[in-house]
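One-letter residues, chain by chain:
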Amino acid sequence: MEPLGIKGAYVVSPRVHGDSRGSFHEWFRADALRERLGHDLRLEQANCSVSSRGVLRGVHFADVPPGQAKYISCVRGALLDVVVDLRVGSPTFGRSEAVRLDEDNRRCMYLAEGLGHAFLALEDDTTAIYLCSETYNPPREHGVHPLDPALGIDWPADVEPVLSEKDAAAPSLAEALASGLLPDYQDCLAYYDKLGSAFL
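Owing to the predicted nature of the structure, the values given are computational and were not obtained by experimental measurement.

Peer 1: Could you give an account of the overall build of the protein, naming the residues involved and the relevant values?
Peer 2: Helix and strand counts for the protein come out as four helices and 13 strands. Scaling as 2.2 N^0.38, a compact globule of 200 residues should have a C-alpha radius of gyration of about 16 Å, and the protein matches this with 16 Å. Considering only C-alpha atoms, the protein reaches an extent of 55 × 40 × 30 Å along its principal axes. Counting all 200 residues of the protein, 50% fall into the buried class. For the protein, restricting intrachain contacts to residue pairs at least 6 apart in sequence, the fraction spanning at least 24 positions comes to 81%. On the protein, roughly 9,700 Å² of surface is accessible, and the fraction owed to carbon and sulfur atoms is 48%.

Structure below.
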């Protein structure tokens, strides 16, 4: 479990045991996550998303507190998983990082509360599964347009993005900032402290 350049974001590279029968790996270990974060991942919801090539979901985030931490894996196909620091006042505010998750590398991503999340399906029938610390709560859920150049996301040029109506209508980073929609870094720090987080 290695930290990315954005505080609160990690990539997990499990050890995959393979033989002529297939393979086995642990895609989630509560004890390992607890050791790194300083608290348990509160599990309130588990999602499964199946996407055609080019489907782009996000950038999604939730109000903090309580926000919504996520632990994401790709069990079929391949996706480009992206974290965006949307916490106003953060040293890395507006920065994004992308990691390829696929059925071969079996990598996972952990994103703390307050961070934005998006992914692009690179193959048909790409299947993502993710654990969430809070249930979906529409009034507290928001988005930033994933194609906003201000985010600096290096989406693959050979994949034509397909967005939902909701994501296509999402505000730019500047618009979300001006409207007061984005989470505050100090509020996030206070919430992490309440959780007992060790990563900040």
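Peer 1: Provide a residue-level description of the nonpolar core, including the pertinent values.
Peer 2: Core analysis: the largest hydrophobic core is formed by 33 residues, its most contacted members being Tyr-71, Val-83, Met-109 and Tyr-110. Core analysis: the next-biggest nonpolar cluster, separate from the first, contains 19 residues, Leu-56, Val-59, Phe-61 and Ala-176 among them.

Peer 1: Outline unusual backbone geometry, listing residues and values.
Peer 2: For the bond from Gly-58 to Val-59, the omega torsion is 10 degrees, close enough to zero to count as cis. With respect to the element layout, Val-59 can be found in strand β6 (residues 56-62). With omega at -5 degrees, the peptide bond leading from Val-64 into Pro-65 counts as cis. Within the element layout of this structure, Pro-65 appears in the loop between β6 and β7 (70-76).

So, how was this worked out
- Residues numbered from 1 in each chain as written.
- Predicted model: local features only at pLDDT ≥ 70, side-chain atom pairs only at ≥ 80, totals over all residues.
- Heavy atoms only, no water.
- Helix = DSSP H or I, 4+ residues; strand = E, 2+ residues; numbered from the N terminus.
- Rg over C-alpha atoms; globule rule 2.2 N^0.38 Å.
- Buried < 20%, exposed > 50% of the residue type's maximum accessible area, 1.4 Å probe, protein only.
- Contact = heavy atoms within 4.5 Å.
- Areas by Shrake-Rupley, 256 points an atom, 1.4 Å probe, with all protein chains shown as cover.
- Core = buried A, V, L, I, M, F, W, Y, C linked by side-chain atoms within 4.5 Å.

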